[in-house]
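# What the coordinates show
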Amino acid sequence: MLNIENVEVIYSDVILVLKGVSLNVPAGKIISLLGANGAGKTTTLKAISGLLHTELGQVTDGSITFDGKPIHKLGPEEIVRKGIVQVLEGRPTFEQLTTEENLLVGASSLKDKSNIKSDLDRIYGYFPRLKELRKRISGYLSGGEKQMQVIGRALMAHPQLMLLDEPSLGLSPLMVDQIFEIIETINVNEKTSMLLVEQNAMVALSISHHGFVMENGRIVMEDTSVSLMQNEDIKEFYLGLSSGGARKNYRDVKHYRRRKRWLA
Amino acid sequence: MVDFMQFAINGILVGGLYALVGVSIVLVFKATQVVSLAHGQLLAFGALFFWIFLDQLNFPVWVALLGTISLAALMGFITERFTIRPLIGESLFTAFLMTFSVFMFLDGFFQLYLSGQSRAYSPFLPEGTFNLSGVIISKGLLSSFTIAMLIFAALFAFFKFTRTGLQMRATSENHILAQSAGIGVKKVFTLIWIISSAVVAIGGIACANVMDIHYPLPYIGIKGLIVAMFGGLESIGGALLAGILLGLIENLSSGYLDGPLGGGVKDAAAYVILLLILIVKPYGLFGLKKIERI
Ligand SMILES: Nc1ncnc2c1ncn2[C@@H]1O[C@H](COP(=O)(O)OP(=O)(O)O)[C@@H](O)[C@H]1O
Ligand SMILES: [Mg+2]
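Cut-offs applied
- Residues numbered from 1 in each chain as written.
- Chains lettered and ligands numbered in written order.
- Predicted model: local features only at pLDDT ≥ 70, side-chain atom pairs only at ≥ 80, totals over all residues.
- Heavy atoms only, no water.
- Helix = DSSP H or I, 4+ residues; strand = E, 2+ residues; numbered from the N terminus.
- Buried < 20%, exposed > 50% of the residue type's maximum accessible area, 1.4 Å probe, protein only.
- Contact = heavy atoms within 4.5 Å.
- Areas by Shrake-Rupley, 256 points an atom, 1.4 Å probe, with all protein chains shown as cover.
- Pairing = 2+ DSSP bridges.
- Axes fitted to C-alpha atoms, helices over the stretch in contact; angles between N-to-C directions.
- Buried area = accessible area lost by both parts, 1.4 Å probe.
- Salt bridge = Lys/Arg side-chain N within 4 Å of Asp/Glu carboxyl O.
- Polar contact = N/O pair within 3.5 Å; in protein donor to acceptor, adjacent residues only side chain to side chain.

### Describing the overall build of chain A
Looking only at helices and strands, one finds ten helices and ten strands in chain A. The buried share of chain A, reckoned over its 264 residues, is 54%. Restricting to contacts in chain A with at least 6 residues of sequence separation, those with at least 24 account for 70%. Per element, the accessible surface of chain A, about 11900 Å² overall, is 48% carbon and sulfur.

### Focus: the sheet that holds strand β6 (residues 84–87) of chain A
Residue and element names in this part refer to chain A. One open sheet accounts for six strands, arranged β6-β7-β8-β3-β9-β10; its pairing is mixed. Each end of this open sheet is capped by a strand with a single partner; those strands are β6 and β10 (218–224). Ignoring strand direction, the axes of neighbouring strands in this sheet form an average angle of 15°. Here strand β9 (residues 210–215) runs beside β10; their pairing, made up of six bridges, is antiparallel. Looking across to β10, one finds that glutamate 215 is bridged to arginine 218.

### Quick notes on the interface of chain A and chain B
Taken together, the contact between chain A and chain B spans 35 residues of the former and 35 residues of the latter. For the pair chain A and chain B, the summed buried area comes to about 3100 Å², and 63% of that belongs to carbon and sulfur atoms. Connecting chain A to chain B are one salt bridge. The partner of Arg169(B) in a salt bridge is Glu101(A), with the nearest N and O atoms 2.8 Å apart.

### Side note on the side chain of Asn102(A)
Residues and elements named next belong to chain A. Mapped onto the elements, asparagine 102 comes out in helix α3 (residues 99–106). Judged by its relative accessible area of 0%, asparagine 102 falls in the buried class. Here leucine 97 takes part through its backbone oxygen, which lies 3.5 Å from a polar atom of the side chain of asparagine 102. Those residues within four positions of asparagine 102 in sequence are excluded, and the remaining contacts are Thr93, Phe94, Leu97, Ser138, Gln149 and Arg153.

### Considering the pattern of salt bridges
Residue and element names in this part refer to chain A. On inspection of all chains with the given rule, the structure shows ten salt bridges over all chains. Residue glutamate 95 pairs with lysine 146 through a salt bridge whose shortest N-O separation is 3.7 Å. Placement of glutamate 95 in the loop between β6 and α3 and of lysine 146 in helix α6 (residues 143–155) is noted, with a sequence separation of 51 residues between them. Relative accessible area serves as the criterion here: at 23%, glutamate 95 is assigned to the partly exposed category. The class for lysine 146 is buried, based on a relative accessible area of 14%.

What follows is the structure, given as structure tokens:
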């Protein structure tokens, strides 16, 4: 369904970040993309969703195709219309809008507005908590509530493929379990394929069918999730199960100072 | 006391028109983060188009109005498409300078057309005055004010209840997020320029009806900018209040001080306010607070 071949991405014309990444997401599957901070996971997702353009990034080599058609020249909103929605890292919401308005914004790409009411109910079915919050301004929601909201907002667009960027980041273990359970349910119910970027390898592999491991802008390992969970290196680096390996601190996310520009 | 009421009422009525000009600048800023000076000319040309339709071509009022709105919208569209859109990705200051260039460019044409003369509409709003317990109210000014308030009501409803309005609010909050939600942000930019140009053109007609069409008209755009900044640049309600406040302050200060100081207080008052805002409350009275969870 989604095919990435040898993709190279350069920021600001000089910074080479992806050095020939290849991966594929088959229809209906959940695929994990694992890797440490700065490996290039977010860049990969942005290359797919077209958001790279907003950060002076460019796909300079390779191809990204969705259902056989190249998409890397399209703008972000066109890619959403094609059925790919990215759920951004850090779960940004439209803070001045209510939860329901946020969800409605998610339906912006739909031509047909007649099903929006039932779509809202469908989202509230997955996330009953959002229904309680529907009139609440989003800026004050908790991390977990925001994560639910951004996934719900993405679902409103009826995506065939969802790109999820570190949904577990900074959430309590209980909340992480809850979110991942819903991601799995959505995958089953809606037949939505997922490309799941995570540092929390354990929880990602537990719901995904297949996994890729990224290091320094390259894919260094690829296997079924079951075998990856057995892999010694993975255990050591990502599952924190080795003797000396302290568990990763998920709060250590780097924030890049983007050049100040408008829209782009 | 009657003096005070007289100054205050006139101030409020004129302030409603300032608010309309201010809100057009707020609309553009909210959606695109660009502060537009070009709207001063869009205002002046709107007033001029209406005069041409009404008094040169002798069209009925509503045809003249529709014609003016369409032309102004077209002008806004062209301005956005050919001067602002190519700058997407450049710094906001560049975009601001561009709107200044557009202002100066159009200013030449405006002066050329007027060639030092002044034009006045043949009456198209109710004329004369009425007396409200000692306070004399101009029917023309009251009608313009009412129209301005109706436009504000329409804007509020548009942003609150329509899908496009919601998408515009989303866009004004976060361009990248809006794009990732499937909103055509560039389309929103164009649309907001069209809407704001139509709004400011109506404001221009209303202002010209009070002060006639002569050269300083484009500089009402500067008053609009003062209103927009006073109101916090991001808030439609803020622009409304700030416009009325500016009208009040202008009229009260000139009402009481023009005599002793020999006139001209009105415009000075506006610029004093601008300076004070910049110094004391750079985010205006109603600038949006960033939501911070603690
Ligand atoms: N906008 C940008 N401009 C320049 N370099 C960037 C930009 N965004 C990310 N990078 C660099 O690209 C590398 C990969 O970043 P990213 O894709 O965010 O990694 P990950 O999501 O795996 O943590 C990092 O070294 C980072 O410094
Ligand atoms: Mg990342």
